[in-house]
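Residues per chain are reported as follows:
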Amino acid sequence: MQLLIATNNAGKVREYQEILQELLPEVKLLTLRDAGIDYEVEETGETFEENAHLKATEYAARSGMTVIADDSGLEVAALGGFPGVKSVRWTGPTAEDRNRELLKLLADTPPEARAARFVCVTVCRAPDGREVVGYGEVGGRIGLEPRGTNGFGYDPLFLLPERGVTMAELPPHEKHAISHRGRAAHAIAPRIAELVQQE
């Protein structure tokens, strides 16, 4: 049984490998590089779910395999939900650039008004069109400065007030237990197993 992790984002690949090896130890996980696919699906959707469907559909068709794909991002309440689906594309090109620009946008926003959430929509799709969709989110706050070296993206800025740490300060197994990506994957793990078994 094989499952293709359909993303070129190295951080996502690593997290899905860590999450799914625990949830589905009997499934062999492959990357796009393993499958010989050098292609980036254009994210033209207006929602996380639309983009996740676009990627899952295209990569399942190109690979002939069951794939798992997602779209995820950060929504900041004080910015009206921005950057949302544009989380990786609104400025850049690096995560450090985006974190720095986000802090500039929130420079006049007090800590208690920096509520934010990470959102993830995960789609597992078989080549014949059967699919399952998982949703996960985690609430927190945007910190005043980056902290921690784990994770990727906005993790160093995403503060978990009840724990007093950022996502980037959590060890991977703790992060995956509460993260938006971990929750989305956990929600559909039994159905993923069904899809790969029926190939």
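Everything below is about the structure shown above.
Bear in mind the structure is a predicted one, so any value in this text is a computation, not a measurement.

(A) Geometry of the pairing of strand S2 (residues 28–31). As judged from the four bridges shared by strand S1 (residues 2–5) and S2, these two strands associate in the parallel manner. Note that in S2 the partner of Leu4 across the bridge is Leu30. What joins S1 to S2 is helix H1 (residues 10–23), and the crossover it makes is right-handed.

(B) Quick look at the environment of Ile188. Within the element layout of this structure, Ile188 appears in helix H5 (residues 180–197). A C-alpha to C-alpha distance of 8.7 Å links Ile188 and Thr122, two positions 66 residues apart in sequence. Every residue in contact with Ile188, bar those within four places of it in the chain, is listed here: Thr122, Val132, Val133 and Gly134.

(C) Inspection of the pattern of salt bridges at higher detail. By the definition in use, this model includes 18 salt bridges. Residue Arg181 pairs with Glu15 through a salt bridge whose shortest N-O separation is 2.9 Å. Highlighted residues: Arg181 in helix H5 and Glu15 in helix H1, separated in sequence by 166 residues. Across this residue pair, the class does not change: Arg181 and Glu15 are buried. Residues Asp71 and Lys55 are paired through a salt bridge, measuring 3.5 Å at the closest nitrogen-oxygen approach.

(D) Representation of the state of the cysteines within the structure. Applying the stated criterion across every chain yields a total of zero disulfides. Distance from the sulfur of Cys120, which forms no disulfide, to the nearest cysteine sulfur (Cys124) is 13 Å. Given a relative accessible area of 0%, Cys120 falls into the buried group. By relative accessible area, Cys124 is classed as buried at 0%.

(E) Spatial organisation of the layout of surface pockets. As a volume, the largest pocket reaches approximately 590 Å³. If you trace the largest pocket, you find 30 residues lining it, with Asn9, Lys12, Ser72, Val88 and Phe152 closest to the centre. Broken down by secondary-structure element, the contributors of at least two residues to the lining of the largest pocket are H1, helix H2 (48–63), strand S3 (67–76) and H5. In terms of residue count, S3 provides more of the lining of the largest pocket than any other element does, five residues in total. Split into classes, the residues belonging to the lining of the largest pocket amount to nine nonpolar, eight polar and 13 charged. In this structure, the second largest pocket spans a volume of roughly 170 Å³. Per-class residue counts for the lining of the second largest pocket are four nonpolar, four polar and two charged.

Rules of the game
Residues numbered from 1 in each chain as written. Predicted model: local features only at pLDDT ≥ 70, side-chain atom pairs only at ≥ 80, totals over all residues. Heavy atoms only, no water. Pairing = 2+ DSSP bridges. Helix = DSSP H or I, 4+ residues; strand = E, 2+ residues; numbered from the N terminus. Right-handed = clockwise from strand over helix to strand, strands pointing away. Contact = heavy atoms within 4.5 Å. Salt bridge = Lys/Arg side-chain N within 4 Å of Asp/Glu carboxyl O. Buried < 20%, exposed > 50% of the residue type's maximum accessible area, 1.4 Å probe, protein only. Disulfide = S-S within 2.5 Å. 1 Å grid on protein atoms, 1.4 Å probe; cavity = no way out; pocket = protein on both sides within 12 Å on 5 of 7 lines; lining within 4 Å. Points joined across faces, edges and corners; volume = space filled by probe spheres on them. Nonpolar A, V, L, I, M, F, W, Y, C, P; charged D, E, K, R; others polar.

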